[in-house]
Amino acid sequence: MDASKRSYAPVNFQDKLSRFSDQWQPRVIAEINEYQVKIVRIEGDFVWHDHPETDEAFIVLDGTLRIDFRDGSVTVGPGEMYVVPKGVEHKPFAQGEVKMLLIEPRGILNTGHEGGERTAENDIWV
């Protein structure tokens, strides 16, 4: 980043969340080397998928997230984080709206290689 355009303001999660209401459409709020920090709203069921090339971090800000695996599940609440290891098939689910952060390498599709209508466009900043 050009030093003359550097911002010394913190990223406010609530402000970023207030700028969009659509669900299952992650928005980039920061980059750290080749990794993107994304903010997203979700509700309902997602698709079974995996990411063979990378781990995926889920950090819940508000609501309760359940991540299903073929052999069990984990529940993640506000202020908690769970990392799905690379190559592990999983399916996020939210009974009510969940607001969370995702941390993953730039260019990773939210549906892995499964595709479909839930696949979000990458690199949309908010």
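Look up a bit, the structure's there.
Please read these numbers as outputs of a predicted model, since none were measured by experiment.

Reading guide: rules and limits
- Residues numbered from 1 in each chain as written.
- Predicted model: local features only at pLDDT ≥ 70, side-chain atom pairs only at ≥ 80, totals over all residues.
- Heavy atoms only, no water.
- Core = buried A, V, L, I, M, F, W, Y, C linked by side-chain atoms within 4.5 Å.
- Buried < 20%, exposed > 50% of the residue type's maximum accessible area, 1.4 Å probe, protein only.
- Helix = DSSP H or I, 4+ residues; strand = E, 2+ residues; numbered from the N terminus.
- Contact = heavy atoms within 4.5 Å.
- Salt bridge = Lys/Arg side-chain N within 4 Å of Asp/Glu carboxyl O.
- Polar contact = N/O pair within 3.5 Å; in protein donor to acceptor, adjacent residues only side chain to side chain.

Caption draft 1: A look at the nonpolar core. Ile42, Phe58, Leu65, Ile67, Val98 and Met100 are the most contacted members of the largest nonpolar core, which has 15 residues in total. If you list the elements that add at least two residues to this core, you get strand 2 (35-45), strand 3 (56-62), strand 4 (65-69) and strand 7 (90-105). If you tally residues by element for this core, the top one is strand 7, at four residues. Sequence-distant contacts of methionine 100, defined by excluding residues within four places in its chain, comprise Lys38, Ile39, Val40, Ile42, Phe58, Ile59, Val60, Leu61 and Leu65. By size, the runner-up hydrophobic cluster in this structure holds eight residues, among which are Phe20, Ile29, Ile39 and Val126.

Caption draft 2: Representation of the pattern of salt bridges. Under the defined criterion, the tally for this structure stands at nine salt bridges. Close ionic contact of arginine 106 with glutamate 31 constitutes a salt bridge, the shortest N to O distance being 3.0 Å. On the criterion of sequence distance, the pair formed by arginine 106 in the segment after strand 7 and glutamate 31 in strand 1 (residues 27-32) is long-range, its members being 75 residues apart. Its relative accessible area of 39% is what places arginine 106 among the partly exposed residues. For glutamate 31, a relative accessible area of 36% gives the class partly exposed. With a closest N to O distance of 3.2 Å, aspartate 68 and lysine 91 form a salt bridge. In this pair, aspartate 68 is assigned in strand 4 and lysine 91 in strand 7, connecting sequence segments 23 residues apart. A residue is classified by how much of its surface remains accessible, and lysine 91, at 10% relative accessible area, is buried. Ionic contacts of the salt-bridge type, sharing partners, join the residues Asp45, Arg66, Asp68 and Lys91 into one network.

Caption draft 3: Representation of the environment of threonine 64 within the structure. One can find threonine 64 in the loop between strand 3 and strand 4. For threonine 64, a relative accessible area of 47% translates into the label partly exposed. Along the primary structure threonine 64 and lysine 99 are separated by 35 residues, whereas in three dimensions their C-alpha atoms are 8.8 Å apart. What threonine 64 contacts, discounting residues up to four positions off in sequence, is Thr75, Val76, Phe93, Ala94 and Val98.

Caption draft 4: Quick look at the environment of lysine 38. Inspection of the secondary structure puts lysine 38 in strand 2. Residue classification places lysine 38 among the buried residues on the basis of a relative accessible area of 3%. For lysine 38 and valine 126, which are 88 residues apart along the polypeptide, the C-alpha to C-alpha distance reads 9.2 Å. Apart from the residues within four sequence positions on either side, lysine 38 is in contact with Pro26, Arg27, Val28, Ile29, Met100, Leu101, Leu102, Glu104, Ile108 and Asn122. A polar side-chain atom of lysine 38 sits 2.9 Å from a polar atom in the side chain of glutamate 104.

Purely geometric numbers; function is a separate question.
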